[in-house]
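# Secondary and tertiary structure notes
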Amino acid sequence: MVLWISKRISVFKSNLTISRTLRLVWSIAGKWSVLVICMIVVETLLFFGSIYALKMLIDTVSETVNKGQVWEGEVLGTLVWAGVLTIAYHVAKAFSVYVTEIQSTKVSEHIYVKIHQKAAALDYSFYESPEYFDILQRAKKSGYDRPHTVIVALFETFKQALGLLSIASVIFSIDALLLPLLVICMLPTLFIRIYYSDKLNLLRLRHTAFERQSGYFGSLLTSESSAKEIRLFGLADYFMYRLVEIRKAMVGERLAISYQRTIREVMATVLATFGFFACIAYVVWGSIQGGVTIGDIAIFLVIFPQVFNMMQGVTAGITVVYHNNIFVKSIFDLFDLKGTEKKRCETEVTIESEAPISLELDNVSFTYPHAAKPTLSRINLSFPEGKVVAIVGLNGAGKSTLIKLICKLYEPTEGDIRLGDVSIKSFTDRQYQRYISAVFQDFCRYNVSVLENISLGDISKSTHELNKVKSAAQRAGAHEFIENLSEGYDTIMGRIFENGNEVSIGQWQKIAIARALYSPSKFLVLDEATSALDAKSEQKFFEELKENLNGRGALVISHRHSTVRHADYIYLLSDGKITESGTYEQLQFAGGEFASLFKKEFMQEF
């Protein structure tokens, strides 16, 4: 029993982040929080004043009736005083609601922004971790207004407690045993609610992965990207079954716990109600015995139901604070995530040489976190500015990992990457990444205007000249179809938003290429960047690639013979190692692995 109680206390403490929540809310809306507290205090004092004035009115009327005298002035004065205080109470209550809404909005908006800022600031490695997505799911599902809800519940509990204390003296003046008896009857309800809040939270933690699975199946059934295959292969019933089965299992467990909680809460409520009527019986008995005055009975019948409701409000408030605090803890779990230690530079690191520079990988190895085997081993390659370098290899050879290292999305486990003579460790991520632009195989399709889609390649610019955006589009082969869109470069892409226009995947890819070419970077990474283009567009793009690069270096990842043959130098990546390197002609006539990869295409061309 002692061990169980100790465990419950430990769980209770671990879920409490009230002080941190208070600090967070104070940092966001401190002045408004003070104003909310003041309004609660004023509202409570006015409530007590109106109740006290009502008691005085009843006592005055009672005394007048008993003595057979009519003191109209005194009765009227007390009545006016009670009315004024009641009106003031309702006015204060209305303004309290308004002030609370302002504070709520400020806190909710801040949390909403901060969650997304945190997600955007984390290392790329988090986005390859299921545990991170569980934490992110819980933080987003917790609700951006939870911290405010905790504060409001604290305020409400505080207000109920103040109200309770303000009229406790009246109840104590009737009999000192009434409140302790009622408190004892109320405590089981509080303990039951806290216990089941913990139990439901454990279930929520365990269900997070299943929630994400059901969300994934739901997105397959509702998103545009999967709509064609869902219909072609008749997959709707299959994925609907998967979704429904997951949700049925989760709902079943949750309702089972809710049923247990309901039964126990009913029992606790019966006990509290019994205590309520036992107190009434106790006072009635005192009246019969002559120990309680008529005024006491009258004020007791008015106040005691409110006392009972206030005590229920206090227990409910504590429960709400604790329950919502559990959700706030999920938000703090996200805020507490830490990535690798980032370099902080006081000054801008730049490459001063105006001569062409190279991006060099020197004996680079990389092992993914929690992986036993290195994905890349002792990689040495040179990526000169003004040249086109190709990397080829079978699926799983490590090409995508190599791109992540070159883009500084991961740091090498061993070795170094240098930009000119400067190690990229000397740069912050953003300083270095301004030298690199890329068209990823899974490029992003932004549902904004064409102009904005392309100008995102150099977001640091305060203004974007249309002629420069058009120049990038022309070099990417996108200008012609853009001009034919309904609003030209102002056309909204995609059909998610009103007046949006959808284009082919190849045209989307041309816009992604234009975005990369619009960047002022020195090096361009093309990861299967023309895979969706037609043969004619692809051939034209690579024939003009060197001219369109404007002196930049290009790293091309491709499986196509027609693509890699345009490269100045080629590296063959196999099982995480560079096994062959040379010009296209050297590798073809060497008769090695590269030649065997493209043997059929080479013979057809020959």
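The preceding data block contains the structure.
Throughout what follows, the structure given in this document is the object of discussion. It should be emphasised that the depicted structure is a prediction, and the values quoted were computed from it without experimental measurement.

### Topic: the overall build of the protein
From N to C terminus, the protein includes 21 helices and 10 strands. Burial statistics for the protein: of 606 residues in total, 44% are counted as buried. Restricting to contacts in the protein with at least 6 residues of sequence separation, those with at least 24 account for 75%. As presented, the protein carries roughly 32,500 Å² of accessible surface, and 60% of it is formed by carbon and sulfur atoms.

### Describing the environment of Ile357
Structurally, Ile357 is set in the loop between α9 (294-335) and β1 (358-366). As a C-alpha pair, Ile357 and Gly420 span 63 residues in sequence and 5.1 Å in three-dimensional space.

### Things to note about the sheet that holds strand β4 (residues 414-419)
The 4 strands are arranged β2-β1-β4-β5 in an open sheet whose pairing can be described as antiparallel. With one partner strand each, in any of the chains shown, β2 (376-384) and β5 (422-423) form the two edges of the open sheet. Sheet topology note: the β1/β4 ladder contains 5 bridges and is antiparallel. The residue bridging Leu361 from the neighbouring strand is Ile417, located in β4. Against the sheet, helix α10 (residues 399-406) makes contact with β1, β2 and β4, and its axis sits at roughly 120° relative to β1, the strand it touches most.

### Description of the packing of aromatic side chains
To describe a pair of aromatic rings, one takes the distance between the centres and the angle between the planes. According to the stated counting rule, one finds 20 aromatic pairs in the structure shown. Each ring, one from Phe332 and one from Phe335, has its centre 6.3 Å from the other, and the planes form 65°; the classification is edge-to-face. Note that Phe332 and Phe335 are positioned in helix α9 at a spacing of 3 residues, about one turn of the helix. Comparing Phe332 with Phe335, the two get one shared label, buried. Relative to Tyr410, the ring of Phe366 has its centre 5.1 Å away and its plane inclined at 50°; by these criteria the two rings are tilted.

### Here's the deal with the environment of Glu131
Note that Glu131 resides in helix α4 (residues 130-142). By relative accessible area, which is 53% here, Glu131 ends up exposed. For the pair Glu131 and Ala209, spaced 78 residues apart in sequence, the C-alpha to C-alpha distance is 8.7 Å. Within the structure, the side chain of Glu131 is placed 3.0 Å from the side chain of Ser129, a separation counted as a polar contact.

### Overview of the pairing of strand β10 (residues 577-582)
Looking along a regular strand, one sees the side chains alternate between the two faces of the sheet. Two elements, strand β9 (residues 569-574) and β10, share 5 bridges in a ladder whose sense is antiparallel. Paired with Leu573 across the bridge in β10 is Ile578. The hairpin turn running from β9 into β10, its antiparallel successor, is 2 residues long, and Asp575 in that turn takes a positive phi close to 55°.

### With respect to the sheet that holds β10
Strand order in the open sheet formed by 6 strands is β6-β7-β8-β3-β9-β10, with mixed pairing between adjacent strands. Single-partner strands in this sheet number two, and they are β6 (436-439) and β10. Strand-to-strand twist across the sheet, computed as the mean angle between neighbouring axes with direction ignored, equals 20°. Against the sheet, helix α15 (residues 505-518) touches β6 and β7 (523-527), its axis set at about 175° to β6.

Reading the values: the criteria
Residue positions are given per chain, counted from 1 along the sequence in the order it is written. With pLDDT at 70 or above as the cut-off, local features in this predicted model cover only qualifying residues; side-chain atom pairs require 80 or more to be listed or tallied, and sums for whole chains, interfaces and linings still use all residues. For the side-chain quantities, the full set of heavy atoms in the structure was used; hydrogens and water were omitted. What counts as a helix is a DSSP run of H or I of at least four residues, what counts as a strand is a run of E of at least two, and both are numbered from the N terminus. Here's how the labels work: a residue is buried when its accessible area is under 20% of the maximum for its type, exposed when over 50%, partly exposed in between, all with a 1.4 Å probe on protein chains only. Every residue pair with non-hydrogen atoms within 4.5 Å of one another is taken to be in contact. For the area figures, the Shrake-Rupley method with a 1.4 Å probe applies, and any residue is considered shielded solely by the protein chains shown. Two strands form a pair only when DSSP identifies at least two bridges running between them. The convention used is that axes are lines fitted to C-alpha atoms, helices contributing only their stretch in contact, and that angles between N-to-C directions extend from 0 to 180 degrees. Only rings of Phe, Tyr and Trp enter the pairing, Trp through its six-membered ring, and a pair is recorded when the two centres are within 6.5 Å. The plane angle decides the type: under 30 degrees is stacked, over 60 is edge-to-face, the rest tilted. Distance and chemistry together define a polar contact, namely a pair of N or O atoms within 3.5 Å, with one atom able to donate a hydrogen and the other to accept it when in protein, and with adjacent residues in sequence counting only for side-chain atoms on both sides.

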